[in-house]
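Structural description and commentary
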Amino acid sequence: MRYALTFVMIASLGLAACAGVLGLGRGSPSHPFEHRAHVDKGVSCVECHAGISTETGAGPLHLPSAADCARCHREPHDRRDCAGCHGEAHVRGGAELARRHLRFEHGPHTRAVKGDCVRCHVGVGERDPAAIRPSMATCFTCHQHKDEWRTRDCDACHVDLAAEDTPPASHLVHDGDFVREHGVRAASARDLCAACHSERSCAACHAAGLAPALPSHLRFDEVRLSGLHRAGFRSRHAEEARADPGLCTTCHGERTCVECHQRTRVAPGAGARSPHPPGWISTARGGGAHGVEARIDPAACAGCHGGAGELLCVSCHRVGGPGGNPHGRRFSSTKDKLRDLPCRLCHGGGP
Amino acid sequence: MATRIHGIRAALLAAATALTAVLRADAQPLRLRADAVAETRSPAPAGLVVLQGEDKLRPWLGVEGLVWAGARTSGAGGAGVQPGSDADILTLNARLREPHGLGELRAGRFVLATGAVRPVQLDGVAALARARWGSTVELFGGTPAAPRLGDRSYDWLAGGRVAQSIASRGTVGVSYVERRSRAEIADEEIGADLALAPARWLDVAARSAYDVTSPGIADALVSAAARSGSVRVELFASHRSPGRLLPATSLFSVLGDLPSDTAGTTVRWAAAPRLDVLASGAGQVVGGEAGGNGWIRGELRTDDRGDGSLGAEARRQHVSTARWTGFRLIGAHPLGRGLRFTSELEIVVPDEPRGRGLVWPWGLASLAWRPGTGWEAAAAIEGASTPEHRYELNALARLSRSLEVP
C-alpha cells in the first residue's frame, strides 16, 4: 500500500511537471480575461472599451485601465495592476500588432453590427479563448474580397504584409516539410507567396550559384531551422545526392560540384584519389558500373566531368570508338546530330 | 557583343539602384540588415559581409537588394588563387505594381519561378497581368545570372505562363520556357500546374514539365494535404528524369532515361501546445531499384515564447547505394539579458563506410546575444569527423545589425 501511494505521488508529480513543460499547465498568474463573466452580468462591451464605437484606426488602443475596472470593482482584491493577472500579454500584443499592421476602423464596423461585438470577436463567448483577435476567415464572412484575392490586392487591409511577418493561421505550406513541399505549392501561386515574401527570401537559398555562403547558412545559431543543408551536410552530401538523383540540379548549376571541390581541394590534381569504386570502367561488355550509374544520376558525372571534361567520355564513346553507343534504349532528341551540341562532339567534327 | 550584353545587364542593375535614390522622398522606412561572418575553416572564405535592404517607395513601387562581399584566404577558389576580396549581387530589383493588383513588372536581378518553370536567377524583366475574372498572363525574359556579372554571350531565357482561377477554389496554368546557352538550345519545356482547395480542410497542388528537346517528362510533383484539428497529413509523389534536368548542351543529357520515382506521406501533429511531432516515410525507385526513406522529428518548446527548445530527429535512408542512419539533437536555452545558448549534435552512420570513417559525428555549440537594439552577435564552435578529415574544429562568429531609416 505504501509503495502504491509513493508510486501515485511520483506519477502525479511527473504528470504535473510534464503538463507544465508541454504547455498544458500555466506557469504565470495571468489568465484569459473573464469576458464571459462580464457578458453574463450584462456589462456592455463599450462600458469598458469606451470610445470604441467612434474609433478611427488611430490613437491609443481602447483597452481598459485599472481605473476603468475600479468604477465597478470598488474594493479590488489586490493592489497590483489588474492587467497583470486578468488578461494575457500575448492577446494585448496581438491587438497592438493589429493596430500597426492593419487598416481597420472599429467605428464603422461597430455601427454595421449594431454594437454586437461578438459577431466578430467570437472568442469572448468562450470560457478559455485562445485569442480574441478575429481571424481573417471571420472578416470573410461579410467581406467576400474575391476580386482582391484574385488580384493579390492585400494592401486594402494589410499595411505591409512582408513587414507584418505573421504566417496565416492555417497556412498551406509552412506546417509540413517545407523544403520538399514549397516548390510544388508555389508553382501555381508564386504571386501569392510574393504577397508576404520578398525576392530575398527566394534568393537566400536559390542564389546558390552566386555566393560562397548563402544568408540562410549564416544563421548557425538558429538550430530549429530544418533546411536541407543543416548540421553535418558536408559529410553526408554525397549520400543525399545519390538518394535523390537530379534533386541538386533543381537549384545548383552543372559546375557547382567541381567549383566547391576545387575550393576545398577535393578534386583531381590536388592529390585526391579517385572517388570511383573498383570496376567502374571495364573493357568487358557493358563497360563496367559507370554506364548505369551515369544514367541514374548524370548530373553527378557532369559535376566533375562537365564542360571540357566531356572530352574524356568522347574519347571512348565517339562514333566508332571502343566505348560504343552511350545512348539508353529510350533515348530520343530533336537536335541535329551533326550541328548541335553536344551531338556533334561524337557525331560531327568535335567542339 | 559580349561586352554589350554585359553593359546592358550592368545598366539594368544600376537603374534599379538609381531608382531607389531618386524616389526616397516620403517613402516608408527603409529596412536594412548587415551580417558580417568570419570563420576559421580553411580554405573557405575567411570573412563575409551580407547587406540587404528593402523599401516600399510608393504603394505601387518597391525595391530590394541583397549583396555579399567576402575576403578569401590563400587557396580558396582553387589552386593558384591568391588571397583577395570578392563580391556579387544576389538580388537587386524594382517591382512596379498596378495599385489594384491588375498587373506588375519586375526588373533587375531576381529569382524567376512560376508554374512548372524551375527557379532560375535572371537579369531581366518579368511582367504579369491579371483580369478580374481570374485570368493571369506572365511573360519573362533575360539572361541567366552569372557570377560577378560575368560574360554569358548569347545566353538568354524567355517564356511565359497563362493561368486561370477556377471559382476561387483553385488555379490551373500552362507555361513555356526556352533557354539558350551560347546560342545553342539548352532547355525547352512545356509545363502545367494545378492548385485546388476543394474544401477548407483539403488542398492539392501539382506541377509537371515536359521536355521538348528530348521528348519526355522532365519532372512531375503532386502533393495533397488534409488538416483536421491538430493533425495535418500530406500525401506526395514525384517523378524526376535527371538527364532532362541537365542543360541539353551537356553530353550527360543524352544518356537516356532512368528516372527516379518517390511516393510517401508526411504527418504533422501538434501533440501539445508546446510539442510538435513531424514524421515522414516514402518509397523510392531509383534506377529500377526499390528503396525508401523515413524520418521522425519532435520539438518541445520549453517556454511559451519558443525561446527555449529541445528537439530530436531520427532518419533512415535506404535506396540504391545511399544507405545510412542519422540522429540529430538540438537544444536552445535562453540565459537572460538577451543571451541564448544553442547546441546541435548529429551522428550519421553509413552502411558502407568504404574507408570514409564508420561514423560521421558533427556538433555545434553557440552563444548568441540579442540586446534588442537591432544588434546581434553570435559565436560558435563546430567540431566534426568527416569523410575527408578525421578531426575538424572550426570557430564561427557573426555580427548583425538591422535598422529602419528614417
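**Quick notes on the overall build of chain A**
Helices and strands together make up the secondary structure of chain A, namely 18 helices and zero strands. Here chain A, with 351 residues, has 28% of them falling under the buried criterion. Long-range pairs, those at least 24 residues apart, make up 55% of the contacts in chain A between residues at least 6 apart in sequence. Here chain A has roughly 21200 Å² of accessible surface; of this, 61% comes from carbon and sulfur atoms.

**Re the overall build of chain B**
Within chain B, the secondary structure is distributed over two helices and 22 strands. With 406 residues in all, chain B has 48% of them scored as buried. Taking the intrachain contacts of chain B between residues at least 6 apart in sequence as the baseline, contacts between residues at least 24 apart amount to 40%. For chain B, the accessible surface area stands at approximately 17700 Å², while carbon and sulfur atoms represent 66% of it.

**Considerations on the confidence of the model for chain B**
Residues and elements named next belong to chain B. Within chain B, residue pLDDT values average 85, and 88% of them lie at 70 or more. Within the model, pLDDT remains below 50 along residues 1-5, and this stretch shows six contacts once partners closer than five positions in the same chain are excluded. In this model residues 75-80 is a low-confidence stretch, pLDDT under 50, and it forms 10 contacts with partners more than four residues away in sequence or in other chains. Across the interfaces of the predicted complex, the ipTM metric reaches 0.82, alongside a pTM of 0.83.

**Concerning helix H5 (residues 89-101) of chain A**
Residue and element names in this part refer to chain A. Relative to the 18 Å expected for 13 residues at 1.5 Å per residue, H5 spans 18 Å between its end C-alpha atoms, a close match to the ideal helical length. Every buried residue of H5 is listed here: Gly94, Ala98 and His101. Along H5, the residues classed as buried sweep out an arc of 85 degrees about the axis, all on the same side. Facing away from the buried surface of H5 by more than 90 degrees, the exposed residues are Ala89 and Arg100. Contact partners of the buried residues in H5: helix H9 (161-164).

**Concerning the pattern of salt bridges**
This structure, assessed with the given rule, holds 51 salt bridges over all chains. Among the ionic pairs, Arg71(A) bridges to Asp68(A), the shortest N-O distance being 2.9 Å. Judged by relative accessible area, which is 45%, Arg71(A) ranks as partly exposed. A salt bridge links Arg33(B) to Asp35(B); its shortest N-O distance comes to 3.0 Å. Taken together, the shared-partner salt bridges connect Arg152(A), Arg190(A), Asp191(A), Arg95(B), Glu104(B), Arg130(B), Glu138(B), Arg161(B) and Asp193(B) into one network.

**Regarding helix H12 (residues 199-206) of chain A**
Taken as a whole, H12(A) has its buried residues at Glu199(A), Arg200(A), Ala203(A) and Ala204(A). Taken around the axis of H12(A), the buried residues stretch over an arc of 140 degrees, which confines them to a single face.

**So, the interface of chain B and chain A**
The interface is formed by 157 residues belonging to chain B together with 106 residues belonging to chain A. Carbon and sulfur atoms make up 54% of the area that chain B and chain A hide from each other, which totals about 10600 Å². Looking at the side of chain B facing chain A, the largest losses of area belong to Leu251(B), Phe252(B) and Leu255(B), adding up to 7% of the total buried there. Joining chain B to chain A, the criterion identifies 18 salt bridges. Where Arg106(B) meets Glu199(A), a salt bridge forms, and the shortest distance between an N and an O atom there is 2.4 Å. At the boundary of chain B and chain A, one finds 40 residue pairs in polar contact (both at pLDDT 80 or more). Its residues assigned to classes, the side of chain B that touches chain A shows 68 nonpolar, 42 polar and 47 charged.

**Remarks on a nonpolar patch on the surface**
All names here are of chain B. Taken together, the side chains of Phe327, Leu329, Leu345, Ile347, Val349, Leu358 and Val359 present a nonpolar region at the surface, about 590 Å² in accessible area. Of all the secondary-structure elements, those providing two or more residues to the nonpolar patch are strand E18 (322-336) and strand E19 (339-350). Turning to its location among the elements, isoleucine 347 is positioned in strand E19. Judged by its relative accessible area of 30%, isoleucine 347 falls in the partly exposed class.

**Section: the environment of Leu338(A)**
Residue and element names in this part refer to chain A. Along the chain, leucine 338 turns up in the loop between helix H17 (310-317) and helix H18 (343-347). In this structure, the C-alpha to C-alpha distance between leucine 338 and aspartate 116, residues 222 residues apart in sequence, is 78 Å. Setting aside its immediate chain neighbours within four residues, leucine 338 contacts Arg344, His347 and Gly348.

**Concerning the nonpolar core**
Ranked by internal contacts, the top residues of the largest apolar core, which has 13 residues, are Ala203(A), Leu218(A), Leu48(B), Val50(B), Leu66(B), Trp68(B) and Leu90(B). At the level of secondary structure, the elements contributing two or more residues to this core comprise strand E2 (47-58) and strand E3 (61-72) of chain B.

**Some points on the state of the cysteines**
On inspection of all chains with the given rule, the structure shows zero disulfides over all chains. Not engaged in a disulfide, the cysteine Cys202(A) finds its nearest cysteine sulfur in Cys193(A); these two sulfurs lie 7.6 Å apart.

**What to know about the packing of aromatic side chains**
For the structure on display, the rule yields zero aromatic pairs over all chains. Above the plane of the ring of Phe220(A) lies Arg398(B), whose end atom (NZ or CZ) is 5.7 Å from the centre.

**Describing the environment of His143(A)**
Residue and element names in this part refer to chain A. If you trace the backbone, histidine 143 turns up in the loop between helix H7 (136-140) and helix H8 (146-150). Using a relative accessible area of 38% as the deciding quantity, one classes histidine 143 as partly exposed. Along the sequence, histidine 143 and alanine 98 sit 45 residues apart, while their C-alpha atoms lie 18 Å from each other.

**Some words on the environment of Arg132(B)**
In this structure, Arg132(B) sits in the loop between strand E6 (117-130) and strand E7 (135-144). Overall, the relative accessible area of 37% leaves Arg132(B) in the partly exposed class. When residues no more than four places from it in sequence are discounted, the contact partners of Arg132(B) are Asp147(A), Arg150(A), Thr151(A), His100(B) and Leu102(B).

**Side note on the pairing of strand E14 (residues 260-272) of chain B**
Residue and element names in this part refer to chain B. As paired elements, strand E13 (residues 231-240) and E14 share 10 bridges and run antiparallel to each other. Across the sheet, residue arginine 232 finds its bridge partner in E14, namely arginine 268. Two elements, E14 and strand E15 (residues 275-286), share 12 bridges in a ladder whose sense is antiparallel. The residue bridging alanine 272 from the neighbouring strand is leucine 275, located in E15.

**Let's talk about the side chain of Thr266(B)**
Mapped onto the fold, Thr266(B) is located in strand E14. Judged by its relative accessible area of 3%, Thr266(B) falls in the buried class. In terms of polar contacts, Thr266(B) uses its side chain to reach the side chain of Arg180(A), at 3.2 Å. Sequence-distant contacts of Thr266(B), defined by excluding residues within four places in its chain, comprise Asp177(A), Arg180(A), Arg232(B), Val233(B), Glu234(B), Phe236(B), Leu278(B), Ala279(B) and Ser280(B).

The rules behind these values
Residues numbered from 1 in each chain as written. Chains lettered and ligands numbered in written order. Predicted model: local features only at pLDDT ≥ 70, side-chain atom pairs only at ≥ 80, totals over all residues. Heavy atoms only, no water. Helix = DSSP H or I, 4+ residues; strand = E, 2+ residues; numbered from the N terminus. Buried < 20%, exposed > 50% of the residue type's maximum accessible area, 1.4 Å probe, protein only. Contact = heavy atoms within 4.5 Å. Areas by Shrake-Rupley, 256 points an atom, 1.4 Å probe, with all protein chains shown as cover. pLDDT = per-residue confidence, 0-100. Expected span 1.5 Å × (residues − 1). Arc of directions from axis to C-beta. Salt bridge = Lys/Arg side-chain N within 4 Å of Asp/Glu carboxyl O. Buried area = accessible area lost by both parts, 1.4 Å probe. Polar contact = N/O pair within 3.5 Å; in protein donor to acceptor, adjacent residues only side chain to side chain. Nonpolar A, V, L, I, M, F, W, Y, C, P; charged D, E, K, R; others polar. Patch = residues over 30% accessible without salt bridge, like charges linked within 9 Å, V, L, I, M, F, W, Y side chains within 5 Å. Core = buried A, V, L, I, M, F, W, Y, C linked by side-chain atoms within 4.5 Å. Disulfide = S-S within 2.5 Å. Phe/Tyr/Trp six-rings, centres within 6.5 Å; stacked < 30°, edge-to-face > 60°. Lys NZ or Arg CZ within 6 Å of the ring centre and 35° of its normal. Pairing = 2+ DSSP bridges.

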